[in-house]
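One letter stands for each residue in the lines below.
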Amino acid sequence: MPSPTGHSLLSPSGAHRWLVCTMAPRFEEQFPPSGDTKYTAEGTLAHSVCELYARQAFDGKMTKRQFNAALKKLQADESYTPEMLDTAQAYVNYLTEKANGYTDKPNVFFEQRVDLSDWIPEGFGSCDCIMIGDDTLHITDYKHGVGVPVDAKGNPQMRLYALGALKMFRAIYGDVIQKVSMGICQPRLYDTPKEDCMTVQELLDWGEMVKVKARMAFDGTGEFCPGEHCKFCRGKYQCPARAEHNTALEDFVGCVTPDKAGGVTDAQARMVLGLPRMLTNDEIGDLLRRGENLVSWYNDLKDYAQKALLNGEAIAGWKLVEGKSNRVIDDVDKLIEAMQKAGYDRAVLYKTEPLTLTAYEKLVGKAKFVEQFGDMISKPRGKPTLADEDDPRDPWSSAADDFKGVTANA
Ligand code: SF4
């Protein structure tokens, strides 16, 4: 969730970047923050709906009337979509499940600002939900976006929130708290939230490493370290280290073994038959990985150059041209009227189409729609999509794999 107020140079959400590239925060300061997008506004509103639902479920202080009035206010926001009620319910369901896992009712806190200055200079963060009871501290973060699947495993943002929460509650709970668990609820992408767990000692040890890196990042020392994390850096367009990294084409040299020297059986067989060697699947996997950041960097350069040219700046050797466009009807009603006058029947000039599923849900209300018509809706499997092996989504399996081991009874 975004920080409620103020700005910290080393934000928990940027920790995946500044822990690796300690030069990034001071370098980024030179570039204006990318303004709020419609997605930021949507995310902020969705968080508010989640918070309202969660407070109603856990605090028990709000009357039905107060809840409805607060919800109505949120629904009046132009970023509101009915889906936010479903995602808020998924968030509450997850929190309820976690709370039920405690022997005694845990203490629950929402939107809790935590002090991270023991680890990060001037650092702070804001936890969506902190749950504490038995010997366990549980942190939950809600994510509304669908563009980037977020995993909880080894997630530095979650760990920092956990450190802040631990600091806050250790004075009360002392050494009773031994375990820390962290959950990321991203209901528009996953039915089951992603989780990670560690001991308090493991978390504190990790915090010691953070202290060193955070100091360097705050002081702007260390080294530029380009990598996948660059895509969220404000300096990504003009960072020389990133450019140098991606133009070091010698990185690609030597990743393909010379012709007829492949060490795999299949390559040997081809050699025996006198056939030229082909790239192996291992080599293709390696090339894909090496080229990944290159493609993303090149696309960022194109974006930057286009914006600069639109602003009237010059980019040596490049210009803007008119892109492809499709013909449009200037005035549909006028055209139809003219065609009818010319003898075309109205029936052949129109077509009736069903609305989209989302539009039907909007019409009926999602919960009611599912209740009344849910058995007529199915979700086909998504197309197989190439992803990094560390991607948190489950691996795609073919229908044949799904039925492996299932035998028909004679
Ligand atoms: S673009 Fe990458 S290498 Fe450059 S400052 Fe940002 S994170 Fe560091």
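Placed above this text is the structure.
In this report, the structure presented in the accompanying data block is examined. Owing to the predicted nature of the structure, the values given are computational and were not obtained by experimental measurement. (Residues numbered from 1 in each chain as written. Predicted model: local features only at pLDDT ≥ 70, side-chain atom pairs only at ≥ 80, totals over all residues. Heavy atoms only, no water.)

Tallying secondary structure elements over the protein chain gives 15 helices and five strands in all. Across the 410 residues of the protein chain, 34% fall into the buried class. Summing over all exposed atoms, the protein chain offers an accessible surface of approximately 26600 Å²; the carbon and sulfur share of this is 54%. (Helix = DSSP H or I, 4+ residues; strand = E, 2+ residues; numbered from the N terminus. Buried < 20%, exposed > 50% of the residue type's maximum accessible area, 1.4 Å probe, protein only. Areas by Shrake-Rupley, 256 points an atom, 1.4 Å probe, with all protein chains shown as cover.)

Taken as a whole, the second largest pocket spans an internal volume of roughly 2000 Å³. Elements represented by at least two residues in the lining of the second largest pocket include exactly helix H5 (83-100), strand S5 (194-199), helix H13 (357-364) and helix H14 (366-373). Here the lining of the second largest pocket gets seven residues from one element, more than from any other, and that element is H5. Split by residue class, the lining of the second largest pocket holds 19 nonpolar, 11 polar and 18 charged. Lining the lining of the second largest pocket are residues from two domains, each supplying at least three of them: domain 1 (12-219) and domain 3 (332-376). (1 Å grid on protein atoms, 1.4 Å probe; cavity = no way out; pocket = protein on both sides within 12 Å on 5 of 7 lines; lining within 4 Å. Points joined across faces, edges and corners; volume = space filled by probe spheres on them. Nonpolar A, V, L, I, M, F, W, Y, C, P; charged D, E, K, R; others polar. Domains from an automatic or database assignment.)

All right, on to the nonpolar core then. Residues Trp18, Ile120, Leu137, Ile139, Leu160 and Val210 are the most contacted members of the largest nonpolar core, which totals 37 residues. Residue assignment for this core shows that the elements contributing at least two residues are helix H1 (15-18), strand S2 (124-133), strand S3 (136-142), helix H6 (156-173), strand S4 (179-185) and helix H7 (200-219). Ranked by residue count, the leading element in this core is H6, at nine residues. Counting residues in hydrophobic clusters, the runner-up holds 25 residues, among them Leu45, Leu52, Phe110 and Tyr142. (Core = buried A, V, L, I, M, F, W, Y, C linked by side-chain atoms within 4.5 Å.)

Now for the sheet that holds S5. The five strands are arranged S1-S2-S3-S4-S5 in an open sheet whose pairing can be described as mixed. Bordering the open sheet on either side are strand S1 (107-115) and S5, each of which pairs with just one other strand. Pairwise comparison of adjacent strand axes, ignoring direction, gives a mean angle of 25° for this sheet. In this structure, S1 lies alongside S2, joined through eight bridges in antiparallel fashion. Across the sheet, the residue bridging to Asn107 is Ile132, located in S2. On the sheet, helix H3 (residues 38-58) packs against S1, S2 and S3 and is oriented at approximately 135° with respect to S1. Sitting on the sheet, H7 is in contact with S4 and S5, with an inclination near 90° to S5. (Pairing = 2+ DSSP bridges. Axes fitted to C-alpha atoms, helices over the stretch in contact; angles between N-to-C directions. Contact = heavy atoms within 4.5 Å.)

What follows concerns the pairing of S2. Taking burial as the measure, the 10 residues of S2 include 10 buried ones, the bulk of the element. The pairing of S2 with S3 spans five bridges and is classified as antiparallel. Looking at S3, one finds that Ile132 is bridged to Leu137. Between S2 and the antiparallel strand that follows it, S3, lie two residues; Asp134 among them carries a positive phi value of about 45°.

On to the site of the ligand. With respect to spatial proximity, the complete set of residues near the ligand consists of Arg17, Cys21, Ala24, Phe27, Phe224, Cys225, Pro226, His229, Cys230, Cys233, Lys236 and Cys239. Residues belonging to the shell around the ligand are distributed by class as follows: nine nonpolar, one polar and two charged. (Near = heavy atom within 4 Å.)

The next point concerns unusual backbone geometry. Among all residues except glycine, the phi angle is most often negative; among peptide bonds, the trans geometry is most common. Phi at Glu122 is positive, roughly 60°, even though this residue is not glycine. Residue placement: Glu122 occurs in the loop between S1 and S2. Judged by relative accessible area, Glu122 falls into the exposed class, the value being 59%. Even without glycine at this site, Asp134 takes up a positive phi of about 45°. Secondary-structure assignment places Asp134 in the loop between S2 and S3.

According to the stated counting rule, one finds nine aromatic pairs in the structure shown. When the centroid spacing of 5.8 Å and the interplanar angle of 35° are considered together, the rings of Tyr237 and Tyr304 count as tilted. In this pair, Tyr237 is assigned in the loop between H7 and helix H8 (240-247) and Tyr304 in helix H10 (residues 281-310), connecting sequence segments 67 residues apart. Exposure remark for Tyr237: the relative accessible area of 23% places this residue in the partly exposed category. Accessibility expressed as a relative area gives 27% for Tyr304, which makes it partly exposed. (Phe/Tyr/Trp six-rings, centres within 6.5 Å; stacked < 30°, edge-to-face > 60°.)

Next up on the list: empty space enclosed by the protein. Scanning all chains against the criterion turns up two cavities of 30 Å³ or more. Size it by volume and the largest cavity reaches roughly 90 Å³. Considering the residues around the largest cavity, the lining is formed by 13 residues, among which Cys21, Phe224, Cys230, Cys233 and Cys239 are closest to the centre. For the lining of the largest cavity, the class distribution of residues is 10 nonpolar, one polar and two charged.

So, about a nonpolar patch on the surface. A cluster of nonpolar side chains, Leu279, Ile284, Leu288 and Leu386, forms an exposed patch at the surface whose accessible area comes to about 400 Å². Here Leu279 is to be found in the loop between helix H9 (265-272) and H10. Classification of Leu279 as partly exposed rests on a relative accessible area of 43%. (Patch = residues over 30% accessible without salt bridge, like charges linked within 9 Å, V, L, I, M, F, W, Y side chains within 5 Å. Salt bridge = Lys/Arg side-chain N within 4 Å of Asp/Glu carboxyl O.)

Function-wise, these values are silent; they only describe arrangement.
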